[in-house]
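Fold and contact review
What follows is each chain in one-letter form.
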Amino acid sequence: MALPGELWAELPAEKRIFCSVLLFSWAVYLWEAFLAHRQRRVYRTTTHVPWELGQIMDSETFEKSRLYQLDKSTFSFWSGLYSEVEGTGMQARLSQCNQVAESCIPLLEMMILLCGGIPFLWNLSGQISGRAGFGAEYEIVQSLVFLLLATLFSAVTGLPWSLYNTFVIEEKHGFNQQTLGFFFKDAIKKFIVTQCILLPVTSLLLYIIKIGGDYFFIYAWLFTLVVSLVLVTIYADYIAPLFDKFIPLPEGELKQQIETMAKSIDFPLTKVYVVEGSKRSSHSNAYFYGFFKNKRIVLFDTLLEDYSALNKEPAEGEDGENEETKSKTKNKKQGCKNEEVLAVLGHELGHWKLGHTVKNIIISQVLSFCLTVLSRRFEFQADAFAKELGKAKDLYSALIKLNKDNLGFPVSDWIFSMWHYSHPPLLERLQALKEAKQE
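Residues numbered from 1 in each chain as written. Predicted model: local features only at pLDDT ≥ 70, side-chain atom pairs only at ≥ 80, totals over all residues. Heavy atoms only, no water.

Focus: the overall build of the protein chain
Scanning the protein chain from terminus to terminus reveals 15 helices and 4 strands. In the protein chain, of all internal contacts separated by at least 6 residues, the share reaching a separation of at least 24 is 69%. Accessible surface, the protein chain as shown: approximately 28300 Å² in total, 64% of it carbon and sulfur. (Helix = DSSP H or I, 4+ residues; strand = E, 2+ residues; numbered from the N terminus. Contact = heavy atoms within 4.5 Å. Areas by Shrake-Rupley, 256 points an atom, 1.4 Å probe, with all protein chains shown as cover.)

Pasting the structure below:
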């Protein structure tokens, strides 16, 4: 009987790569599941308020919090397991997909989960674009059809989980404020808006990759950077209002205090908005956005004790909003007092004043550079391995031919190369191979 190592060595390279990716994905999931299991054990066993919190949290609130987090963690386990199984099916091989697809085409979802959804959807998108008059040469069109089908499938399969989370878990613990009608209208609107942004951006990105030559990754990176900045700029003003109502914070003591605090730290505040988050959930939040001298603060109405719709009794005969929003009677007021709201904003503004956003960007760039350096080192090691196999001479000539065929420019500035190139430049690789070639 062959040993597992021998069986592994006999597998084709593509199968070994596929199995390695699959094993890594499951290893990460199992590690995350193990950590979540440990935390659920804490939720189950910690049934009394820690003495450090005895003066600020009552037993009833503590128990509600414990049960809510336990339910969320259990739900996260099952939804995560489903996502991992679905992802495993989506990555199955193309040949497996084709064999099953010929015999069970009507069972679309089963095929996607069990016989390789990505190759199946790619073939299906090719058929759809072909019937629309776009041949195989219209790869971008096929890619957009594929993206549409993939996001549609994801939206459909994720719908039951979203419904359960909203109308069972969040409802059970008193957070959900949505009706079914509002939920589905919101989901459809999100899908349409997402496609209106995703498809044009993707088509332009694919076109850039297609015509970008050897430096396509630089052009693609610049394009995605510009798109990200544009989306961040327009999101709160043009996209978010499609889903929630934003109104200026009324004149009064709170607005005056916010403006005074912003001025004291030179925060270039231009507007303060209140968003009606209470239409969908009683969770609260606050954030700021904008570039340069045009900063804006957004407060959820659920954060403001004096403003939250959840603290107000509906007027008699008032049913316009109540058709889409459930009124919930609470024993305690929702939200924070003005002083507490200012403290929360002080924390958020601290991120700006201390330059945390810029620091995060710098750290991510440094990490990206370190990964590039590591990748280059791996390339040299792989070349050295080929040398040990006695293939230095052939690899030397192959690298020259591939560079010539792809019109790669063989000379690079060393700093530019170190920062951008995950593969070492041709001259450096040839120099490393030269001694072995001469031998």
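A word on helix H12 (residues 356–388)
Taking 1.5 Å per residue, 33 residues should reach 48 Å; H12 reaches 48 Å between its end C-alpha atoms and fits that length. Within the sequence span of H12, burial applies to Thr 372, Arg 376, Glu 379, Asp 383 and Ala 386. Phi turns positive one or two residues past the end of H12, at Gly 390, with a value near 80°. (Expected span 1.5 Å × (residues − 1). Buried < 20%, exposed > 50% of the residue type's maximum accessible area, 1.4 Å probe, protein only.)

As for the confidence of the model for the protein chain
Atomic detail in the predicted coordinates should be set aside for any region of low pLDDT. Mean pLDDT over the protein chain stands at 75; residues scoring 70 or higher make up 77%. Counting interchain partners and residues more than four positions distant, the pLDDT-below-50 stretch residues 92–114 has 38 contacts. With pLDDT under 50 throughout, residues 317–331 is counted as low confidence; its partners more than four residues away or in other chains account for 26 contacts. (pLDDT = per-residue confidence, 0-100.)

Let's talk about the packing of helix H10 (residues 253–264) against helix H11 (residues 338–353)
Axis separation between H10 and H11 bottoms out at 11 Å; the angle between their running directions is 30°. One element, H10, and the other, H11, form an angle in the roughly parallel class. Read as a crossing pair, H10 and H11 show a hand that is right-handed. Contacts between H10 and H11 involve Glu 253, Leu 254, Gln 257, Ile 258 and Met 261 on the former and, on the latter, Asn 338, Val 341, Leu 342, Leu 345, Gly 346 and Leu 349. In terms of residue class, the contact of H10 with H11 is built from 7 nonpolar, 3 polar and 1 charged. (Axes fitted to C-alpha atoms, helices over the stretch in contact; angles between N-to-C directions. Parallel < 35°, antiparallel > 145°, perpendicular 65-115°, else oblique. Left-handed = near helix turned anticlockwise from the far one by under 90°. Nonpolar A, V, L, I, M, F, W, Y, C, P; charged D, E, K, R; others polar.)

Considerations on a nonpolar patch on the surface
Together, Tyr 219, Trp 221, Leu 222, Leu 225, Leu 229, Val 232, Phe 291 and Phe 292 make up an exposed nonpolar region whose accessible area comes to about 800 Å². Mapped onto the elements of the fold, Trp 221 is located in helix H9 (residues 216–239). Trp 221 sits in the partly exposed class, given a relative accessible area of 43%. (Patch = residues over 30% accessible without salt bridge, like charges linked within 9 Å, V, L, I, M, F, W, Y side chains within 5 Å. Salt bridge = Lys/Arg side-chain N within 4 Å of Asp/Glu carboxyl O.)

Overview of the pairing of strand E4 (residues 295–300)
Counting buried positions along E4 gives 5 out of 6 residues, so the element sits mostly inside the fold. As judged from the 6 bridges shared by strand E2 (residues 269–275) and E4, these two strands associate in the parallel manner. Its bridge partner lying in E4, Tyr 273 is registered against Val 298. Relative to E4, strand E3 (residues 286–289) runs antiparallel, the two sharing 4 bridges. Within the sheet, the bridge partner assigned to Tyr 289 lies in E4 and is Arg 296. (Pairing = 2+ DSSP bridges.)

So, the sheet that holds E4
The strand order across the open sheet formed by 4 strands is E1-E2-E4-E3, and the pairing between neighbours is mixed. Each edge of the open sheet carries a strand with a single partner, namely strand E1 (246–248) and E3. Put simply, the sheet's adjacent strands are angled 30° from each other on average, direction ignored. Where E1 lies against E2, 3 bridges are found, and the strand directions are antiparallel. Of the residues in E2, the one forming a bridge with Pro 248 is Tyr 273.

A short note on the side chain of Asn 176
Within the fold, Asn 176 resides in the loop between helix H7 (139–172) and helix H8 (180–211). Polar side-chain contacts of Asn 176 include one of 3.0 Å to the backbone nitrogen of Gln 178. (Polar contact = N/O pair within 3.5 Å; in protein donor to acceptor, adjacent residues only side chain to side chain.)

Here we look at H9
Its 24 residues place the ends of H9 only 30 Å apart at the C-alpha level, less than the 34 Å of an ideal helix rising 1.5 Å per residue. At Thr 233, H9 shows its largest bend, some 35°. When we look at burial in H9, the residues that qualify are Ile 218, Ala 220, Phe 223, Val 227, Ala 236 and Ile 239. (Bend = angle between axes of the 7 residues up to and from the residue.)

Quick word on the nonpolar core
A general trend in soluble globular proteins is that nonpolar side chains are found buried together. Ile 258, Ile 297 and Leu 299 are the most contacted members of the largest nonpolar core, which totals 16 residues. Elements with a contribution of two residues or more to this core: H10, E2, E4 and H11. Per-element accounting of this core gives the leading share, 4 residues, to H11. The contact partners of Leu 299, leaving out residues within four places of it in the chain, are Ile 258, Val 272, Tyr 273, Val 274, Val 275, Asn 285, Ala 286, Leu 304, Val 341 and Leu 345. (Core = buried A, V, L, I, M, F, W, Y, C linked by side-chain atoms within 4.5 Å.)

A few points about the pattern of salt bridges
As enumerated under the stated definition, the model contains 5 salt bridges in all. Between Lys 255 and Glu 251 there is a salt bridge; the shortest N-O distance is 3.0 Å. Exposure remark for Lys 255: the relative accessible area of 14% places this residue in the buried category. For Glu 251, a relative accessible area of 68% corresponds to the exposed category.

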